Amino acid sequence: MLNILEINDFSAPELDIYARRTEAQLINKDNPEAGLFIAESPKVIGRALDAGYIPVSALVEKHQMKENEETRQILERFESTDVPIFTAEFEVLTKMTGFKLTRGMLCALKRQPLIDYQNMCEGKDRIVILENVMNPTNVGAIFRSAAALNMDAVFLTPGCSDPLYRRASRVSMGTVFQIPWTFIQDNNEMRCQREILWPRQAITELREMGYKTAALALTDDSVGIDNPELMQEEKLAIILGTEGEGLMDRTIEMCDYTVKIPMSHDVDSLNVAAASAVAFWQLGKKQK
């Protein structure tokens, strides 16, 4: 039996997660063990549950509970649990959350501890590093391409948008729960110390682990993305930069390759999410 609770009091503290707390507040940096995130749509929620994330509660539109097969399948996974399933009509939920629910369902889940990026590198030949990619839509799209196109893990610098933000995980179609990822950070994630760890320390450590680093950037000494030597590298870290400005100069200077995507019609660049898909498609095909 489901623990269904009809919403009749917007001020109920159990609804703060959905109605009054920001995603940054849900992360709870002061107490990360209590950190939460919200997944949207049955597909994304299902992939989060498959990855072992523990649900705290769900918010479901009444109509979807009756009419949507995907929603019903997810709700079946909450049978005989104490997980509260809050429900109301579409208009009520839209008013409460401030946006229209994709497929009429949200789920709050507990965050999992992050793994050190050094340990996550073990057994992985093709990794992605995102440097200060701040748009959650781009982060989600990059994850989807990485999962589909033979990348083994994604690492993010602290300036990136969190992959578990609602929009990022939704755009990724839940692939943020299918490909390993973590932040490149230490236990002292102070802003003044970040550039010590990234890029200098992290790229040095990646080199010691046998990786060659490839910065996607337009410079005079860039090589084509189909460069034979690049394609044959056993272990490769593909590094993509922030929207607009691209990678930091010191990051490019430290990399083994600077790589460009040939373009026509005088187009000088691609959106970082589009560029990532091209790069992963080409460089995920390691040649022997």
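Heads up: the structure comes first, above all this text.
I will try to describe carefully the structure that is included in this document. Predicted model only: the values in this text are computed from it and were never measured. (Residues numbered from 1 in each chain as written. Predicted model: local features only at pLDDT ≥ 70, side-chain atom pairs only at ≥ 80, totals over all residues. Heavy atoms only, no water.)

Looking only at helices and strands, the chain has 13 helices and 12 strands in total. In terms of C-alpha radius of gyration, the chain reaches 21 Å, essentially the compact-globule figure of 19 Å for 288 residues. Expressed as lengths along the three principal axes of its C-alpha atoms, the size of the chain is roughly 65 × 40 × 35 Å. When the accessible surface of the chain is summed, it comes to about 14400 Å², and 48% of that surface belongs to carbon and sulfur atoms. Treating the 31 positive side-chain charges of the chain as one cloud and the 42 negative ones as another, the clouds have centres 3 Å apart. (Helix = DSSP H or I, 4+ residues; strand = E, 2+ residues; numbered from the N terminus. Rg over C-alpha atoms; globule rule 2.2 N^0.38 Å. Areas by Shrake-Rupley, 256 points an atom, 1.4 Å probe, with all protein chains shown as cover. Lys, Arg positive; Asp, Glu negative; His and termini not counted. Charge placed at Lys NZ, Arg CZ, Asp CG, Glu CD.)

With that out of the way, let us pick up the packing of helix 3 (residues 42-50) against helix 5 (residues 69-76). Where helix 3 meets helix 5, the closest approach of the two axes is 9 Å, and the angle between their N-to-C directions is 25°. By the criterion of interaxial angle, the relationship of helix 3 to helix 5 is roughly parallel. At the point where helix 3 passes helix 5, the crossing takes the left-handed sense. Here Pro42, Lys43, Ile45, Gly46 and Leu49 of helix 3 lie close against helix 5, whose contacting residues are Glu70, Thr71 and Ile74. Residue composition of the contact of helix 3 with helix 5, by class: four nonpolar, two polar and two charged. (Axes fitted to C-alpha atoms, helices over the stretch in contact; angles between N-to-C directions. Parallel < 35°, antiparallel > 145°, perpendicular 65-115°, else oblique. Left-handed = near helix turned anticlockwise from the far one by under 90°. Contact = heavy atoms within 4.5 Å. Nonpolar A, V, L, I, M, F, W, Y, C, P; charged D, E, K, R; others polar.)

The subject of this paragraph is the sheet that holds strand 1 (residues 3-6). In space, the five strands of this open sheet follow the order 1-4-3-5-2, with mixed pairing throughout. A single partner strand is all that each edge strand has here, and the edge strands are strand 1 and strand 2 (36-40). Direction aside, the axes of adjacent strands within the sheet are offset by 20° on average. Sitting on the sheet, helix 3 is in contact with strand 2, strand 3 (55-61) and strand 5 (105-110), with an inclination near 20° to strand 5. The strands touched by helix 5 are strand 3, strand 4 (84-88) and strand 5; relative to strand 5, the strand with the most contacts, the crossing angle is about 30°. (Pairing = 2+ DSSP bridges.)

What follows deals with the sheet that holds strand 12 (residues 257-260). Strand order in the open sheet formed by seven strands is 8-7-6-11-9-12-10, and the pairing between neighbours is parallel. A strand with exactly one partner marks an edge of an open sheet, and here the two such strands are strand 8 (181-183) and strand 10 (223-224). Strand contacts of helix 8 (residues 136-148): strand 6 (126-130), strand 7 (153-156) and strand 8, with the helix running at about 155° to strand 7, the strand carrying the most contacts. Those strands touched by helix 13 (residues 272-283) are strand 6, strand 9 (212-216) and strand 11 (236-240), and its axis lies near 165° from that of strand 11.

Applying the stated criterion to the full structure yields two cavities of 30 Å³ or more. Computed from the structure, the second largest cavity encloses a volume of approximately 30 Å³. Lining the second largest cavity we find Glu23, Leu26, Ile27, Leu36, Phe37, Ile38, Arg111, Leu164 and Tyr165. Contributing elements (two or more residues each) for the lining of the second largest cavity: helix 2 (23-27) and strand 2. Grouping the constituent residues of the lining of the second largest cavity by class yields seven nonpolar, no polar and two charged. (1 Å grid on protein atoms, 1.4 Å probe; cavity = no way out; pocket = protein on both sides within 12 Å on 5 of 7 lines; lining within 4 Å. Points joined across faces, edges and corners; volume = space filled by probe spheres on them.)

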